[in-house]
Amino acid sequence: MLDSPTKRRIDTARDILVGKVPDPKSQVEQITIALIYKFMDDMDAESEEMGGKRKFFTGAFARYGWAKLMHAGLGGHEMLGLYAEGIAKMPENAGIPPLFREIFKNAYLPYRDPETLRAFLKVIDEFTYDHSERLGDAFEYLLSVLGSQGDAGQFRTPRHIIDFMVDIVDPKKNETVLDPACGTAGFLISSWKHIVRANTNAKGQNTLTPDEKARLAQNFTGYDISPDMVRLSIVNMYLHGFADPTFTSTIPSPVRNAGTNMPM
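One structure accompanies this document, and this report is about it. Please read these numbers as outputs of a predicted model, since none were measured by experiment.

## Here's the deal with the overall build of the chain
At step 1: Across its full length, the chain holds eleven helices and four strands.
At step 2: Scored against the burial criterion, the 264 residues of the chain give a buried share of 47%.
At step 3: Across the chain, the fraction of contacts at a sequence separation of at least 24, relative to all contacts at a separation of at least 6, is 69%.
At step 4: When the accessible surface of the chain is totalled, it reaches about 12,800 Å², and 55% of it is carbon and sulfur.

Here it is in structure tokens:
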């Protein structure tokens, strides 16, 4: 369930962008890119705390780290240049998995106002990646601003309708779930939650065996004609606990889960 502080942060981020980025879809993309950028740095910090090493912001990419970006002594134009360069070059970062490289593919900063960026990144700085589904709920709320109708005849199904349809279809743990027009992956995520709930006992314990979990993780596939929707669906699945959604860059582009770290 989305908490009030998280909702407030998302609304504030959109309010800051609206004067420079009036299109809701572009607002969602800018917030998505910034969140993943911040979350990669959070995961690097977590790795260091556990005795490991950074893997995202290392080598030539260390200069783009979040702490350097948010340093109080960094001027507005310097921050803007560093962030714009960082998101543009991130697909070249060999230290990040294909999932993240795809998210940053063709990413760019559509405005050049340092004060807008500083205020925007200050809000993004309030988010922290914590491996919980809370972030998935927050992203679902962010995606809701896209409305019901998108470009090229795309229609986005409201969440309560998605959940109702999934309950009627009643997908099982040994079945394949395919959405040939997945949009932001709402049906895939709702189907996953439905199967997990159906295999949870009265004590709240999941009853799926390790083998069943492994097979289930391979059973979700989605396609969409829009590369932008594929990118958003990948982020949505990742933030809901799908560890490594895989895909190709062809159209239609499949989004297929290849593993999950969702608590079960």
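Still more to cover.
## Points about empty space enclosed by the protein
At step 1: Overall, the coordinates contain one cavity of 30 Å³ or more when judged by the stated rule.
At step 2: In this structure, the largest cavity spans a volume of roughly 60 Å³.
At step 3: Around the largest cavity, the lining residues are I10, L35, F39, F127, L135, A138, F139, L142 and L239.
At step 4: Those elements that place two or more of their residues in the lining of the largest cavity are α2 (24–49) and α7 (134–143).
At step 5: Of the residues assigned to the lining of the largest cavity, the class counts are nine nonpolar, no polar and no charged.

## Regarding the environment of C182
At step 1: Within the secondary structure, C182 is located in the loop between β1 (177–179) and α9 (186–198).
At step 2: Linking C182 and Y223, residues 41 residues apart in sequence, is a C-alpha distance of 5.6 Å.

## Section: the packing of helix α4 (residues 76–89) against helix α6 (residues 114–124)
At step 1: Close contact between α4 and α6 brings their axes to 9 Å; oriented N to C, the two are set at 70 degrees. If you check the angle between α4 and α6, you find them roughly perpendicular. Helix-helix and strand crossings are classified by hand; for α4 and α6 the assignment is left-handed. On α6, the residues touching G76, H77, M79, L80 and Y83 of α4 are P114, L117, R118 and L121.

## Here we look at a nonpolar patch on the surface
At step 1: Together, I161, F164, M165 and I168 make up an exposed nonpolar region whose accessible area comes to about 400 Å².
At step 2: Classification of F164 as exposed rests on a relative accessible area of 52%.

Cut-offs and rules
Residues numbered from 1 in each chain as written. Predicted model: local features only at pLDDT ≥ 70, side-chain atom pairs only at ≥ 80, totals over all residues. Heavy atoms only, no water. Helix = DSSP H or I, 4+ residues; strand = E, 2+ residues; numbered from the N terminus. Buried < 20%, exposed > 50% of the residue type's maximum accessible area, 1.4 Å probe, protein only. Contact = heavy atoms within 4.5 Å. Areas by Shrake-Rupley, 256 points an atom, 1.4 Å probe, with all protein chains shown as cover. 1 Å grid on protein atoms, 1.4 Å probe; cavity = no way out; pocket = protein on both sides within 12 Å on 5 of 7 lines; lining within 4 Å. Points joined across faces, edges and corners; volume = space filled by probe spheres on them. Nonpolar A, V, L, I, M, F, W, Y, C, P; charged D, E, K, R; others polar. Axes fitted to C-alpha atoms, helices over the stretch in contact; angles between N-to-C directions. Parallel < 35°, antiparallel > 145°, perpendicular 65-115°, else oblique. Left-handed = near helix turned anticlockwise from the far one by under 90°. Patch = residues over 30% accessible without salt bridge, like charges linked within 9 Å, V, L, I, M, F, W, Y side chains within 5 Å. Salt bridge = Lys/Arg side-chain N within 4 Å of Asp/Glu carboxyl O.

All we've got here are geometric facts, nothing functional implied.
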